[in-house]
Amino acid sequence: MPRPIRIYRSLTSPAAVAVLATLLAYATSSCNSQSFQYAPEPPMPTPPPAPVQAPPPPMNVARLLNGNWMATYPGGPLRVVIGLDQMLRGRNYVATMVDGNKYIPAGQVVWKGTLDQNVPGIVKADQICADHGFQGARWVQARIIVSDASNFREELVDPTSCHGFPVKFTRVGPAPTSPVTD
């Protein structure tokens, strides 16, 4: 009869233990190798530098017309007060004559206008034009050309439509540093 194989004895022999220990060491060392490790996550790319912001456009000096002015209308210099029309939205100027002359009485609106959206420093306006004693009063188109916060001039679109133009305006008192909010 054949002899039975005793496995349990062969697994406990010093040679078998050495073989098992070697296999276990190889398995452990192979699990610790780079090929079995998690790869480090790639670093997040650095964001590109923020583009350089252009400086803000210079303030439109035509937004600083509110206030008291002296104007070179005929018979002048005459005082004029410029404010915003509270009934309309946006930059709608109303210039009112404080001192009258032989053509336009005191308290009369002499011009009204809005900022030109395409050209800084320009106000598109309508100017009152009248004959002696405020006879034949009519509105004519004009341009307000603002050179700085303390000086501007008014020109008529059609220079022959009214006499006494161009008119120069000079601010009375200090110039504002920011516009009145619309």
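A few points on the structure. (Residues numbered from 1 in each chain as written. Predicted model: local features only at pLDDT ≥ 70, side-chain atom pairs only at ≥ 80, totals over all residues. Heavy atoms only, no water.)

**Some thoughts on empty space enclosed by the protein**
(1) Moving on: Under the criterion given, the structure shown has 1 cavity of 30 Å³ or more.
(2) Moving on: Volume-wise, the largest cavity comes out at about 90 Å³.
(3) Moving on: Taken together, Y73, P74, N101, Y103, I104, Q127, I128, C129, A130, C162, H163 and F165 form the lining of the largest cavity.
(4) Moving on: The class makeup of the residues in the lining of the largest cavity is 9 nonpolar, 3 polar and no charged. (1 Å grid on protein atoms, 1.4 Å probe; cavity = no way out; pocket = protein on both sides within 12 Å on 5 of 7 lines; lining within 4 Å. Points joined across faces, edges and corners; volume = space filled by probe spheres on them. Nonpolar A, V, L, I, M, F, W, Y, C, P; charged D, E, K, R; others polar.)

**Here's the deal with the side chain of E154**
(1) Moving on: Turning to its location among the elements, E154 is positioned in strand β7 (residues 151-156).
(2) Moving on: Comment: no salt bridge for buried E154; closest opposite-charge side chain is R143, at 10 Å.
(3) Moving on: In this structure the side chain of E154 is engaged in a polar contact, spanning 3.0 Å, whose partner is the side chain of Y73.
(4) Moving on: When sequence neighbours within four positions are dropped, the list of residues in contact with E154 reads Y73, W111, Q127, A142, R143, I144, F165, P166, V167 and F169. (Helix = DSSP H or I, 4+ residues; strand = E, 2+ residues; numbered from the N terminus. Buried < 20%, exposed > 50% of the residue type's maximum accessible area, 1.4 Å probe, protein only. Lys, Arg positive; Asp, Glu negative; His and termini not counted. Salt bridge = Lys/Arg side-chain N within 4 Å of Asp/Glu carboxyl O. Polar contact = N/O pair within 3.5 Å; in protein donor to acceptor, adjacent residues only side chain to side chain. Contact = heavy atoms within 4.5 Å.)

**Some thoughts on the nonpolar core**
(1) Moving on: If you look at the biggest cluster of nonpolar residues, it comprises 30 residues, and the most contacted ones within it are L65, Y73 and W111.
(2) Moving on: For this core, the secondary-structure elements that each account for two or more residues are β1 (67-71), β2 (78-84), β3 (92-97), β4 (109-115), β5 (122-131), β6 (135-148), β7 and β8 (167-171).
(3) Moving on: Those residues within four positions of Y73 in sequence are excluded, and the remaining contacts are L78, V80, M97, N101, V110, W111, Q127, E154, F165, V167 and F169. (Core = buried A, V, L, I, M, F, W, Y, C linked by side-chain atoms within 4.5 Å.)

**Focus: a nonpolar patch on the surface**
(1) Moving on: Nonpolar side chains collect at one region of the surface, where V19, L20, L23 and Y26 lie side by side and expose about 430 Å² of accessible area between them.
(2) Moving on: Within the secondary structure, V19 is located in helix α2 (residues 14-31).
(3) Moving on: Residue classification places V19 among the partly exposed residues on the basis of a relative accessible area of 48%. (Patch = residues over 30% accessible without salt bridge, like charges linked within 9 Å, V, L, I, M, F, W, Y side chains within 5 Å. Areas by Shrake-Rupley, 256 points an atom, 1.4 Å probe, with all protein chains shown as cover.)

**Structural notes on the sheet that holds β4**
(1) Moving on: Read around the closed barrel, 8 strands run β1-β2-β3-β4-β5-β6-β7-β8, paired in antiparallel fashion. The mean angle between the axes of side-by-side strands here comes to 30°, regardless of whether they run parallel or antiparallel.
(2) Moving on: In this sheet, β4 lies alongside β3 in antiparallel orientation, the contact comprising 5 bridges. Directly across from A95, in β4, lies its bridge partner W111. (Pairing = 2+ DSSP bridges. Axes fitted to C-alpha atoms, helices over the stretch in contact; angles between N-to-C directions.)

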